[in-house]
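Analysis of the macromolecular model
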Amino acid sequence: MTTFVLIPGMCHGGWCFSELTEELRSHGHRAHPMTLTGLSERSHLPHAGVNLDTHIQDVTGVLAAEQLQDVVLVGHSYGGMVITGAADRMPERVRSLVYLDAVVPGDGESMWDLVSDRERQWYAETGDAVRPLPFFDPRATPHPLASLLQPLRLTGGAARDRRDVYVYAAGWPTPSPFTATYQRLIQDPRWITHALDSGHNLMRDAPQDLLKILLATG
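So, here's what we can say about the structure. (Residues numbered from 1 in each chain as written. Predicted model: local features only at pLDDT ≥ 70, side-chain atom pairs only at ≥ 80, totals over all residues. Heavy atoms only, no water.)

**Quick word on the pattern of salt bridges**
For clarity, the threshold we go by: For salt bridges, the criterion is a side-chain nitrogen of Lys or Arg within 4 Å of an Asp or Glu carboxyl oxygen.
In this structure the tally under the stated criterion is nine salt bridges. Of the charged contacts, one joins R162 and D164 as a salt bridge, the two residues approaching to 2.7 Å between their closest N and O atoms.

Shown next as structure tokens:
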């Protein structure tokens, strides 16, 4: 049995993993879909002051409170920021990281640093929270802006003998902002990489292929 902790991307809640959660549990695994502070059913919490550290603490708090060990952290899109930070804070509890068409940040990098000028323009069109785009799921809610601007600070705690996984969505209708990341990681023997013929929302567009990858990781 493997324990999966599932972290959504911007503007989304744990509900985006509902089908995947059911499938993982039907195969005998534990699955914890998370909603980060200030989003979805937690959107009533004030956005001011909610930053990347808050979201990392959301995850490390669950690992500690639930006494989870040997965990696979799965992060979609912005969730790559969060799982990288959580693994750095609690490396002894994390078996591996799975990035789902996600950013893979280094020390000192923020989401703002890793996206295109077009996406920065979207971020800047708001106050303290970034509005969902029109094509997002209707359940999507505004995302705390500070979490996208705060640089990630790494201690090196996650630097150990671990092979992480990157799942690239190759079916974007426009050029994918994650292509350069995927092409870099293909060349790195420390990573296992996959490319799926899917849009960015891998959980919705390629659920069975994604399930197979996670089961192999577990």
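Here the narrative resumes, following the displayed structure.
**Considering the pairing of strand β3 (residues 71–76)**
For clarity, the threshold we go by: To sort residues, take the accessible area from a 1.4 Å probe on protein chains only and compare it with the maximum for the residue type: under 20% means buried, over 50% means exposed, and anything in between is partly exposed. Per the convention used, a helix needs a DSSP run of H or I reaching at least four residues, while a strand needs a run of E reaching at least two, with both numbered from the N terminus. DSSP-based pairing: two strands are paired if at least 2 bridges between them are found.
Judged by how many residues are buried, β3 sits mostly within the fold: six of six residues are covered. Residues V71, L73 and G75 of β3 are buried on one face, and the alternating residues V72, V74 and H76, pointing to the opposite face, are buried as well. In terms of strand pairing, strand β1 (residues 3–7) meets β3 through five bridges, oriented parallel. Each residue of the ladder has a partner; that of T3, found in β3, is V71. Across six bridges, β3 lies against strand β4 (residues 94–100) in parallel orientation.

**Brief notes about the sheet that holds strand β8 (residues 191–196)**
Backbone-to-backbone hydrogen bonds join strands into a sheet, with any given pair of strands oriented parallel or antiparallel. Definition in use: Axis definition: a line fitted to C-alpha atoms, over the contacting stretch in the case of helices. Angles run 0 to 180 degrees between N-to-C directions. Contacts: residue pairs with any heavy atoms within 4.5 Å of one another.
Taken in spatial order, the six strands of this open sheet run β2-β1-β3-β4-β7-β8, and their pairing is parallel. Of all strands in the sheet, those with a lone pairing partner are β2 (30–33) and β8, marking the two edges. Pairs of neighbouring strands in the sheet enclose a mean axial angle of 15°, with direction left out of account. Contacts between helix α9 (residues 207–217) and the sheet are confined to β1, β3, β4, β7 (164–169) and β8, with β4 contributing the most and set at about 160° to the helix.

**Details of the packing of helix α1 (residues 18–26) against α9**
Filter applied, for reference: Working rule for angles: under 35 degrees goes down as roughly parallel, over 145 as roughly antiparallel, 65 to 115 as roughly perpendicular, anything else as oblique. A clockwise turn of the near helix away from the far one marks a right-handed crossing, whereas an anticlockwise turn of less than a right angle marks a left-handed crossing.
Where α1 meets α9, the axes come as close as 11 Å, and the angle between the chain directions of the two elements is 45°. As summarised for this structure, α1 and α9 are arranged oblique, according to the angle between their axes. Classified by chirality, the crossing of α9 by α1 is right-handed. Facing E19, L20, E23 and L24 of α1, the residues of α9 in contact are P207, Q208, L210, L211, L214 and L215.

**Description of the state of the cysteines**
Two cysteines form a disulfide when their sulfur atoms are joined by a covalent bond. Inclusion rule: Cysteine sulfur atoms are paired as a disulfide whenever they fall within 2.5 Å.
Within the structure shown, the criterion is met by zero disulfides. Here C11 is not cross-linked by a disulfide; its sulfur's nearest cysteine counterpart is in C16, at 11 Å. Residue C11 is classed as buried on the basis of its relative accessible area, which comes to 0%.

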